[in-house]
Amino acid sequence: MPRPHSRGEQPSPSTRDPFRTISRAPGKIILSGEHFVVLGSPAVAMAINLYSEAQVTPKNVSEVEVNANIPLRFLGGKSGDPEGPDPRELLRPLRLATEATLKHIGSKDHGLQVNVECEIPVAAGLGSSASTTVAIISAVANSRHVKLSKEEIFKLAFVPENYLHGKPSGVDQATCIYGGIIEFNRPFNVNKVRPKKEPVILVCDTGIHHATKTLVGGVVKKSQKERSNFHDYIAKVRKISAGVAKALTESDDEDLGTLMYQNHDFLRKIGVSNPTLDHLVEVARREGALGAKLTGAGGGGCIIVLSQSKTSRDRISRVLRRQGGIPYKVSMDTSGVQSQLALAPDC
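Caption draft 1: Molecular detail of the overall build of the chain. Along the backbone of the chain there are nine helices and 11 strands. Burial status across the chain gives 56% buried among its 347 residues. When contacts within the chain are restricted to residue pairs at least 6 apart in sequence, long-range pairs at least 24 apart make up 77% of them. For the chain, the accessible surface area stands at approximately 15000 Å², while carbon and sulfur atoms represent 49% of it.

See below:
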């Protein structure tokens, strides 16, 4: 991102001044509790250093123009759809985020151009939609000189997230907004988890991508049919998430890893894992990973691996790549969504 202005030189533009607003939001991984968070259990999630950036520039014509550079290559290949999705469909939630923000802040001037750059793999469980949504909301509001609270951004993000995912829990956008590691409970209970040391995490993409709305809806229906089983699952995952938060604050990687494996087993029981995810988790376990599990909606997407050290992580990464996975070495983002002003490109 361009260099932020210091407090002494921060510009204060009018709507038509030649400045653009730039906001950036991180992606996320879920350490415990996905799917069960929709059913009332807490989830623990970590923001990671893969980002979406939204740039908002004033236009003289009173209309919203939205453009995006999204890594669509991640949607081909194993997804079974080499053509990928309709780009207009991918732009729809971005436009919804823009329009919802303008309506919320009461702006009658809709003359702006929104450009989005996303480096987060799409439909892989890493929060690409929440990240782009949060970045857009922040940038659009700031372009109209309105500073939204974290809770306002969170609530606005449900407009495009509901469109994409049905009835999401909110953990994705909360993590992208706050950064770091959070323990999240619906509807909006965010507790910061302050790890004694950052866990050494590897993300590995199966290359198989999923529809979150279908998976979440399927789990909710299953929970209604198997009430007794799910009552037990939710209680046990609640303990897992509490244990994960405790292990992070006490730097107990052994316990954290054990809990991650346990969480994956519950996700497998409710039907959101698949043979490829299970295989990669077992490969990581065999290679000495402290913990591994799918992250996000499942049905494909990514696993996350907890390693003893960066050396161990690098070795496991090489093995997973040979097994057909696509590994990413990630670290924790501590800032969450950030916004700044910069000169427009043609000035």
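Here the narrative resumes.
Caption draft 2: View of the sheet that holds strand 10 (residues 326–329). Pairing in this open sheet of four strands is antiparallel, and the strands run 8-9-7-10 from one edge to the other. With one partner strand each, in any of the chains shown, strand 8 (291–295) and strand 10 form the two edges of the open sheet. For this sheet, the mean angle separating the axes of adjacent strands, direction not counted, is 25 degrees. By the bridge criterion, six bridges tie strand 7 (residues 200–205) to strand 9 (residues 302–307) in an arrangement that is antiparallel. Among the inter-strand pairings, Asp-205 is bridged to a residue of strand 9, identified as Cys-302. Lying on the sheet, helix 9 (residues 310–322) is in contact with strand 7, strand 9 and strand 10; it crosses strand 7 at an angle near 10 degrees.

Caption draft 3: Fine view of helix 6 (residues 227–250). In a regular helix each residue adds 1.5 Å, so 24 residues correspond to 34 Å; helix 6 covers 34 Å between its end C-alpha atoms and thus fits that length. Positive backbone phi, at 55 degrees, marks Ser-251, one or two positions downstream of helix 6.

Caption draft 4: The arrangement of the environment of Gln-113 in detail. Within the secondary structure, Gln-113 is located in strand 4 (residues 112–118). Counting along the chain gives 93 residues from Gln-113 to Arg-20, while the straight-line C-alpha distance between them is 9.4 Å. Contacts of Gln-113, omitting those with residues within four sequence positions, involve Gln-55, Val-56, Thr-57, Lys-59, Glu-65 and Asn-67. A distance of 3.4 Å separates polar atoms of two side chains, one belonging to Gln-113 and the other to Asn-115.

Caption draft 5: Region of interest: the packing of aromatic side chains. Applying the stated criterion across every chain, the model contains six aromatic pairs. Between Tyr-178 and Phe-188 the ring centres are 6.5 Å apart and the planes differ by 45 degrees, which places this aromatic pair in the tilted class. You can see Tyr-178 sitting in helix 4 (residues 171–178) and its partner Phe-188 sitting in the loop between strand 5 (181–185) and strand 6 (189–193), a full 10 residues away along the chain. Judged by its relative accessible area of 25%, Phe-188 falls in the partly exposed class. By way of ring pairs, the aromatic residues Phe-154, Phe-158, Tyr-178, Phe-184 and Phe-188 are connected into one cluster. Above the ring of Tyr-51, the side-chain terminus of Arg-24 is found at 3.8 Å from the ring centroid. Above the ring of Tyr-178, the side-chain terminus of Lys-150 is found at 5.7 Å from the ring centroid.

Caption draft 6: A look at the environment of Arg-95. Topologically, Arg-95 is positioned in helix 1 (residues 87–105). Take Arg-95: its relative accessible area is 28%, and that puts it in the partly exposed class. Here the alpha-carbon distance between Arg-95 and Ile-136, two residues 41 residues apart in the chain, equals 9.2 Å. Sequence-distant contacts of Arg-95, that is, excluding residues within four places in its chain, are made with Val-64, Glu-65 and Val-66.

About the criteria used
Residues numbered from 1 in each chain as written. Predicted model: local features only at pLDDT ≥ 70, side-chain atom pairs only at ≥ 80, totals over all residues. Heavy atoms only, no water. Helix = DSSP H or I, 4+ residues; strand = E, 2+ residues; numbered from the N terminus. Buried < 20%, exposed > 50% of the residue type's maximum accessible area, 1.4 Å probe, protein only. Contact = heavy atoms within 4.5 Å. Areas by Shrake-Rupley, 256 points an atom, 1.4 Å probe, with all protein chains shown as cover. Pairing = 2+ DSSP bridges. Axes fitted to C-alpha atoms, helices over the stretch in contact; angles between N-to-C directions. Expected span 1.5 Å × (residues − 1). Polar contact = N/O pair within 3.5 Å; in protein donor to acceptor, adjacent residues only side chain to side chain. Phe/Tyr/Trp six-rings, centres within 6.5 Å; stacked < 30°, edge-to-face > 60°. Lys NZ or Arg CZ within 6 Å of the ring centre and 35° of its normal.

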